[in-house]
Amino acid sequence: MQCMALVEELRAALGPNAVLTDTDVTSAYQRDMMPLAPYGSPLAVVLPTDTEGVQAVVRACAAAGVPIVPRGAGSGLSGAANAVDGCVVLVTTKMNAILEIDADNRLAVVEPGVVNLDLRGAVEKNGLFYPPDPSSYDWCTIGGNLSTNAGGLCCVKYGVTTDSVLGLEVVLADGELLKTGRRTVKGVAGYDLTKLFVGSEGTLGVITKATLALRPLPQAPVTLVAAFNTTEAAGIAVSAVVREGLVPSLMEIMDRTSIEAVETYLKTELGAGPGCAALLICQSDAGAETGMRELAVIEQLCTDAGAELVYATEDVSEGRDLLTARRAVLTALEVYGAWLTDDVCVPRTRIAELIAGCERVSAEVDLRIAVVGHAGDGNMHPTIVYDPTSEDEFSRARKAFDEILAIGLALGGTVTGEHGIGKIKREWLAREIGPVGLRVHREIKRALDPGNVFNPGSMFSL
Ligand SMILES: Cc1cc2nc3c(=O)[nH]c(=O)nc-3n(C[C@H](O)[C@H](O)[C@H](O)COP(=O)(O)OP(=O)(O)OC[C@H]3O[C@@H](n4cnc5c(N)ncnc54)[C@H](O)[C@@H]3O)c2cc1C
């Protein structure tokens, strides 16, 4: 009865079409792209079109004691946007306006539902660049990117989402609107609340607006690809590039399983050769001449590390094709079965050990594990392939997922470089940050959301 009253209140505030309760429709909003994470059935899905609408939803839900799960596109890989039973899923995709592009001050102001690639395209027309580029950039939203502190292929040079954020507007648990940050290049007034909300995975408030820092559009990239007969050799090459002080705009690694999957899926040869165990793809966007000089040094370092083949090109379309292949890995793995992708970040000197560990786990659980990732920052995505119709394979995949996290931590790494904690890595967060870290997380959550309205049970329990 109380639930019906809440739904009526939401309909009155947002309009009838913005509140969905038909379970055939709401089921599409129950979960994200992570098959391991638990999810429940929402009471309703709401699609507000403005900040006032979000405030009305938050006030109504807080008063009724009904949890809210904020959601962008649902492309997440940690169950962070998964519904809990009886919640209201607050979807931001209808708040998708690019409100301002200020070319002189190199910033953009956007609503949270803007798709990453749409923003990149819009600022590019002004000769500007929004760096964060998750592989899902053609459908994930800026709100989701902010809330997971998303990374991508060019983090090695340009950092993750938080490095491109100047300020936010956030609807708090009491419905008030908090403005954080600034529009200036510098600014140190008060606590850095912007960074607190970035990566908070919808547990502290709903982001309704973001002021983002832009950069000048980089030069067309030049590309290098290097093939290695052992993953160790590829790891040594990555370490050497870092040690040399080079900062390519991209440095990605694909192991043999990823290469084979992509070649089968795209029906093309990547030119890696039959003995290839790992492929490194590097780019420099420093301008053709400087870029090719940078690549020449990387080429030498790869050769010294034992590369069987190194090839550098100024041809932008060749570079684009290689990156298309890299971005296609997850989809390509579907030629073998369903995939479950992990996300660990290790010191860059330990990448080869992580890959060797994944090979051990693969043999132990008898499942294919492809390792692909952002070698330049040590952020690897070992991806386990399994038969979704087999319970046994699913449980072996789950085991492998956890073992890879343990290996990552043992190598001095972290349990997530970019996908977040969500509902699958809660115990791993506790393990990584320890009891004091967890206590501080809980105190922040209680201070900002005393009624536990936002995304309860995600990241950690209260
Ligand atoms: C094929 C594939 C490739 C991927 N590649 C990458 C990659 O390279 N790098 C990377 O980082 N991720 C990657 N991801 C994961 C995912 O795309 C990112 O985590 C992305 O940032 C999620 O955006 P979204 O709009 O889909 O958010 P959702 O999945 O809908 O939500 C993610 C989190 O953000 C919260 N949230 C969303 N909007 C708001 C808001 N306005 N206010 C408060 N909280 C909010 C949700 O509650 C949830 O906790 C990939 C996913 C897929 C399927």
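In this text, all values refer to a predicted model and were calculated from it rather than measured experimentally.

### Some points on the UniProt feature "domain: FAD-binding PCMH-type" (unreviewed entry) in the chain
Under the present numbering, the feature "domain: FAD-binding PCMH-type" (unreviewed entry) in UniProt falls on residues 38-217. Within residues 38-217, the helical portion is 22% and the strand portion 24%, while the C-alpha atoms at the span's ends are 41 Å from each other.

### Brief notes about the site of the ligand
Taken together, 35 residues lie around the ligand, and Pro70, Gly72, Ser75, Ser136 and Thr141 are the ones closest in. Contacts to the ligand include Ser135, whose backbone N or O atom sits 2.9 Å from an oxygen atom. Contact with the protein chains removes 96% of the 980 Å² of surface that the ligand exposes when unbound. Only strand 3 (68-71), helix 5 (142-148) and strand 10 (206-213) provide two or more residues apiece to the shell around the ligand. Sort the elements by how many residues they give to the shell around the ligand and helix 5 lands first, with 5 residues. For the shell around the ligand, the class distribution of residues is 14 nonpolar, 18 polar and 3 charged.

### Observations regarding helix 9 (residues 256-266)
Along helix 9, the residues classified as buried are Thr257, Ser258, Ile259, Ala261, Val262 and Glu263. Contacts from the buried residues of helix 9 go to strand 13 (250-255), strand 14 (278-284), helix 11 (316-327), helix 12 (329-332) and strand 18 (369-374). Immediately beyond the C-terminal end of helix 9, within one or two residues, lies Lys267, with a positive phi of roughly 50 degrees.

### Remarks on the sheet that holds strand 10
Within the open sheet, the 5 strands sit side by side as 5-6-10-8-9. Their pairing is antiparallel. The open sheet has two edge strands, strand 5 (98-102) and strand 9 (177-181), and neither has a second partner. Adjacent strand axes in the sheet meet at a mean angle of 10 degrees, parallel and antiparallel pairs treated alike. Pairing analysis gives 4 bridges linking strand 6 (residues 107-110) to strand 10, with the strands arranged antiparallel. From the neighbouring strand, Val109 faces strand 10, where its bridge partner is Thr211. Taken strand by strand, helix 4 (residues 116-124) contacts strand 5, strand 6 and strand 10, and its axis lies near 35 degrees from that of strand 5.

### With respect to a nonpolar patch on the surface
Judged by side-chain polarity, Tyr265, Leu266 and Val335 come together as a nonpolar surface patch covering roughly 230 Å² of accessible area. Looking at where Val335 falls in the secondary structure, it is placed in the loop between helix 12 and strand 16 (338-341).

### Considering the nonpolar core
One finds Phe228, Leu280 and Ile384 to be the most contacted residues of the largest nonpolar core, which totals 57 residues. Those residues in contact with Phe228, other than ones at most four positions away along the chain, are Ala233, Ala234, Ala237, Gly275, Cys276, Ala277, Ala278, Leu280, Cys302, Ala305, Gly306 and Ala307.

### Looking at the packing of helix 1 (residues 2-14) against helix 3 (residues 51-64)
The contact between helix 1 and helix 3 brings their axes to 10 Å, and the two run at 165 degrees. The angle between the axes of helix 1 and helix 3 places the two elements in the roughly antiparallel class. Judged by the sense of rotation from one axis to the other, the crossing of helix 1 with helix 3 is right-handed. Of helix 3, the residues touching helix 1 (which contributes Gln2, Leu6, Glu9, Leu10, Ala13 and Leu14) are Gly53, Ala56, Val57, Ala60, Cys61 and Ala64.

### Regarding the sheet that holds strand 4 (residues 88-91)
Read across the sheet, 4 strands follow the order 1-2-4-3 without closing on themselves; strand pairing throughout is mixed. On the outer flanks of this sheet lie strand 1 (19-20) and strand 3, each paired with one strand and no other. The sheet strands contacting helix 3 are strand 2 (44-46), strand 3 and strand 4, and the helix crosses strand 4 at an angle near 165 degrees.

### Focus: the packing of helix 8 (residues 231-243) against helix 13 (residues 351-365)
Packing of helix 8 against helix 13 leaves a shortest axis separation of 8 Å and a crossing angle of 155 degrees. With respect to their mutual orientation, helix 8 and helix 13 come out roughly antiparallel. Helix-helix and strand crossings are classified by hand; for helix 8 and helix 13 the assignment is right-handed. Of the residues in helix 13, those in contact with Thr231, Glu232, Gly235 and Val238 of helix 8 are Ile351, Ala352, Ile355, Ala356 and Glu359. When grouped by side-chain class, the residues that make up the contact of helix 8 with helix 13 number 5 nonpolar, 2 polar and 2 charged.

### Examining the pattern of salt bridges
This structure, assessed with the given rule, holds 18 salt bridges. Taking the shortest distance from any N to any O, the salt bridge between Glu176 and Arg59 comes out at 3.9 Å. With Glu176 in the loop between strand 8 (165-171) and strand 9 and Arg59 in helix 3, this residue pair connects regions lying 117 residues apart in the sequence. Exposure remark for Glu176: the relative accessible area of 45% places this residue in the partly exposed category. Overall, Arg59 belongs to the partly exposed group, its relative accessible area being 42%. Residue Asp102 is joined to Arg183 by a salt bridge in which the shortest nitrogen-to-oxygen separation is 3.6 Å. Of this pair, Asp102 sits in strand 5 while Arg183 sits in the loop between strand 9 and helix 7 (193-197), and the two are 81 residues apart along the sequence. When its relative accessible area of 41% is taken as the criterion, Arg183 is described as partly exposed.

Here is what the cut-offs are and how they apply
Residues numbered from 1 in each chain as written. Predicted model: local features only at pLDDT ≥ 70, side-chain atom pairs only at ≥ 80, totals over all residues. Heavy atoms only, no water. UniProt positions renumbered as here; feature names shortened; annotations may be inferred. Helix = DSSP H or I, 4+ residues; strand = E, 2+ residues; numbered from the N terminus. Near = heavy atom within 4 Å. Polar contact = N/O pair within 3.5 Å; in protein donor to acceptor, adjacent residues only side chain to side chain. Areas by Shrake-Rupley, 256 points an atom, 1.4 Å probe, with all protein chains shown as cover. Nonpolar A, V, L, I, M, F, W, Y, C, P; charged D, E, K, R; others polar. Buried < 20%, exposed > 50% of the residue type's maximum accessible area, 1.4 Å probe, protein only. Contact = heavy atoms within 4.5 Å. Pairing = 2+ DSSP bridges. Axes fitted to C-alpha atoms, helices over the stretch in contact; angles between N-to-C directions. Patch = residues over 30% accessible without salt bridge, like charges linked within 9 Å, V, L, I, M, F, W, Y side chains within 5 Å. Salt bridge = Lys/Arg side-chain N within 4 Å of Asp/Glu carboxyl O. Core = buried A, V, L, I, M, F, W, Y, C linked by side-chain atoms within 4.5 Å. Parallel < 35°, antiparallel > 145°, perpendicular 65-115°, else oblique. Left-handed = near helix turned anticlockwise from the far one by under 90°.

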